[in-house]
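Letter by letter, the chains look like this.
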Number of protein chains: 2
Amino acid sequence: MTTGTGSAERILGILELFSEDRLEWTAEEMIAALGYSRPTLYRYVKSLKELGFLAQNGSHGWTLGPRVVEMDFLMRKSDALLCQGQGLLRDLAALHPCTALLVRWYGNKLLCVASEVSTPNPRSSYPRGRPMPLARGAISRAILAHLPKKQMLEKIVENFDEMRGLGLGETYEQIADTLRGMRKGALIARGEVTDGVVGVAAPVFDASRAPVAVLCMTINRETLDDLTLARLAQSVQDAARRLTETLTEKRTDEPVAS
Amino acid sequence: MTTGTGSAERILGILELFSEDRLEWTAEEMIAALGYSRPTLYRYVKSLKELGFLAQNGSHGWTLGPRVVEMDFLMRKSDALLCQGQGLLRDLAALHPCTALLVRWYGNKLLCVASEVSTPNPRSSYPRGRPMPLARGAISRAILAHLPKKQMLEKIVENFDEMRGLGLGETYEQIADTLRGMRKGALIARGEVTDGVVGVAAPVFDASRAPVAVLCMTINRETLDDLTLARLAQSVQDAARRLTETLTEKRTDEPVAS
DNA sequence: AGCAAAAATCTCATTAGATGAGATTTCTGT
DNA sequence: ACAGAAATCTCATCTAATGAGATTTTTGCT
């Protein structure tokens, strides 16, 4: 009668439908995409609407709802990465015209948590909440290089064609070696995500020494010479190291309160 | 064996725990607050974590997770109220030193969707996502005054003591009459939410003529005379009317895309 | 490193609640 | 006003959710 996945997960499946390519859905489209029956889908949508997770747009369209807005407000208050990283990010942005990004890794996504723009002509836009591709760029590299071997191989397998296309190697093992060789120093990539832009990135680690986020500057190549690049790379690394230290300090025993 | 509420709603109950007063929860606290058994609670938390709705903070704390950040990004792209109202809000803020707010109504909350600050000394802070009280202030009044009778009485009943304390009347019917008498013109309130601040608000309606949001300026009373106040009130009303018109225009048939 | 306690997970019998086919009602757009 | 689309309801079937209690893993302290 059903797919073997329970109601708790199924209702969340509706929230997972929403992406940058699909900001709005009709009930019919959801039914087709998820394979739920009409009564079931409408039951779930009703619950989500009542709690503010979904909102109607026009007669038949559904978008995410106001509870999402409220929850992001709560996140901005509670997210240790953001609270501790925001000032460091601002300092980085002040060093040189650039876009400075604080990006966290979750699942298979790199998600911009905060950004600071200090260049008159930003070449790309990564506002808070926007995901970016895992295979490309200094940010991605900063995460992948520091993964434990098993996890790294997993990600290589998932993104093999793209990584090979970037010249990282011809086999899984070669790519892993290439990435592991990048562990020292900041990660620098040129034009992999946006033409004409250099990315300088350094990882931030959590208490278990796993990479969880990246501090990054994206800089127009024409504003750079080698010496400046080296100095900025050092600054990014220093900031990331400082953020790591802050995040891994022993917490006070009290949960985050307002 | 259980409370008679299904799994789909129960898992969402966890997300509802989070508020400005409670940004982080331990599993034990959730168990106590929700009355779920330990295995059940942990099962739900596992699902929510895997999808990014929750994230661990330290060893035992749980906060909202990165999927929330991503979803708010999507909302900022899809929310017609925000997309159409942002520019109007900016124009209002430019008229006079103030904090200008775009606030939507959902359930029992008034939620700030966008704000623009044009005063050097903002007296209160309502960043995007922060809820505010329903009973007090011009914003609340702008919504309540325009509700159909049944709905208005409902809200009066829920907030009776507070409304009576504000001098709106001594009975439900008196309060309802007072509110209905406020339908003409902009709503003006002095110091109900923040001392020394005047709120000027006008409702925004949806396609069914129901009030769904409010445009508001909050102004330091000392920067105001009667003539300026009257002019600003007119501007707020004009902007709200314009936003209403935009929102109630016939939509193109295509769902919102990126 | 060892240990006790707390936290997290597992097992499995019971049954609550989820499901969807199909009927019915409500809403929308012309 | 009307036809068709959208949304909701009914109810028999049976899937999956539940939680008591056992077990494993993790944490924090010494």
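Criteria and thresholds
- Residues numbered from 1 in each chain as written.
- Chains lettered and ligands numbered in written order.
- Predicted model: local features only at pLDDT ≥ 70, side-chain atom pairs only at ≥ 80, totals over all residues.
- Axes fitted to C-alpha atoms, helices over the stretch in contact; angles between N-to-C directions.
- Helix = DSSP H or I, 4+ residues; strand = E, 2+ residues; numbered from the N terminus.
- Parallel < 35°, antiparallel > 145°, perpendicular 65-115°, else oblique.
- Left-handed = near helix turned anticlockwise from the far one by under 90°.
- Contact = placed C-beta atoms within 7 Å.
- Nonpolar A, V, L, I, M, F, W, Y, C, P; charged D, E, K, R; others polar.
- Pairing = 2+ DSSP bridges.
- Expected span 1.5 Å × (residues − 1).
- Buried ≥ 20, exposed ≤ 12 C-beta atoms within 10 Å, placed from the backbone.
- Least-squares fit on C-alpha atoms with pLDDT ≥ 70 in both.
- Core = buried A, V, L, I, M, F, W, Y, C linked by C-beta atoms within 7 Å.
- pLDDT = per-residue confidence, 0-100.
- Domains from an automatic or database assignment.

(A) Main features of the packing of helix 7 (residues 149–158) of chain A against helix 9 (residues 172–180) of chain A. Residues and elements named next belong to chain A. Close contact between helix 7 and helix 9 brings their axes to 10 Å; oriented N to C, the two are set at 120°. One finds that helix 7 runs oblique with respect to helix 9. The interaxial crossing formed by helix 7 with helix 9 has right-handed handedness. On the side of helix 7, the interface is formed by Met152, Leu153, Ile156 and Val157, while helix 9 contributes Tyr172, Ile175, Ala176 and Leu179. Of the residues assigned to the contact of helix 7 with helix 9, the class counts are 8 nonpolar, no polar and no charged.

(B) Summary view of the interface of chain A and chain B. Listed by partner, the interface residues are 51 residues for chain A and 51 residues for chain B. When contributions to the side of chain A that touches chain B are tallied by element, the ones reaching two or more residues are helix 1 (7–16), strand 1 (25–26), helix 3 (38–50), strand 3 (61–64), helix 4 (66–78), strand 4 (99–106) and strand 5 (109–117) of chain A. Considering every element that reaches the side of chain A that touches chain B, the biggest residue donor is helix 4 of chain A, with 11 residues. Considered class by class, the residues forming the side of chain A that touches chain B number 25 nonpolar, 13 polar and 13 charged.

(C) The arrangement of the pairing of strand 2 (residues 54–57) of chain B in detail. All names here are of chain B. Note that strand 2 and strand 3 (residues 61–64) share 4 bridges and pair antiparallel. What sits directly across from Asn57, in strand 3, is Gly61. With antiparallel pairing between neighbouring strands as the criterion, strand 2 and strand 3 make up a hairpin whose turn holds 3 residues, including Gly58 at a positive phi of roughly 70°.

(D) The arrangement of helix 10 (residues 226–248) of chain B in detail. Residue and element names in this part refer to chain B. With 23 residues, helix 10 should reach 33 Å at 1.5 Å per residue; the first-to-last C-alpha distance of 33 Å fits that figure. Looking only at helix 10, the buried set comprises Leu232, Ala233, Ser235, Val236, Ala239, Ala240, Leu243 and Thr244. Considering only its buried residues, helix 10 is in contact with helix 5 (80–95), strand 7 (187–190), strand 8 (197–205) and strand 9 (211–220).

(E) Quick look at the sheet that holds strand 3 of chain B. All names here are of chain B. Spatially, 3 strands are ordered 1-3-2 in an open sheet, and the strand pairing comes out antiparallel. Both edges of this open sheet fall to strand 1 (25–26) and strand 2, since each of them pairs with a single strand only. Here 2 bridges tie strand 1 to strand 3, and the two strands are oriented antiparallel to one another. Within the sheet, the bridge partner assigned to Thr26 lies in strand 3 and is Gly61.

(F) Spatial organisation of the relation of the copies chain A and chain B. Taken as rigid bodies, chain A and chain B are interconverted by a rotation of 180° and an axial shift of 0.0 Å, the fit giving an RMSD of 0.0 Å. On this basis, the relationship between the two copies can be described by a two-fold rotation axis. Minimal C-alpha separation from the rotation axis in chain A is found for Ala8 of chain A, amounting to 2.2 Å. A share of 100% of the interface residues of chain A reappears at the interface of chain B, consistent with the copies meeting face to face through the same patch.

(G) Seen up close, the environment of Leu23 of chain A. Residue position: Leu23 of chain A is located in the loop between helix 1 and strand 1. Spatially, the C-alpha atom of Leu23 of chain A lies 6.3 Å from that of Thr63 of chain A, the residues being 40 residues apart in sequence.

(H) Region of the structure containing unusual backbone geometry. Within the chain, Arg209 of chain B stands out as a residue other than glycine whose phi angle is a positive 70°. When you line up the elements, Arg209 of chain B lands in the loop between strand 8 and strand 9.

(I) Here's a closer look at the nonpolar core. Counting residues in hydrophobic clusters, the biggest one holds 149 residues, and the most contacted among them are Ala201 and Leu215 of chain A together with Ala201, Leu215 and Val236 of chain B. When sequence neighbours within four positions are dropped, the list of residues in contact with Leu215 of chain B reads Leu88, Leu89, Leu92, Leu102, Ala201, Ala202, Val204, Val236, Ala239, Ala240 and Leu243 of chain B.

(J) Focus on the confidence of the model for chain A. Taken over all residues, the pLDDT of chain A has a mean of 88, while the share at 70 or more is 95%. Both scores are given for the predicted complex: the pTM is 0.91, the ipTM 0.91.

(K) Summary view of the domain arrangement of chain A. Along its sequence, chain A is carved into domain 1 (7–67) and domain 2 (79–146 + 183–248). Put simply, the middle of domain 1 of chain A and the middle of domain 2 of chain A, counted by C-alpha atoms, are 34 Å apart.

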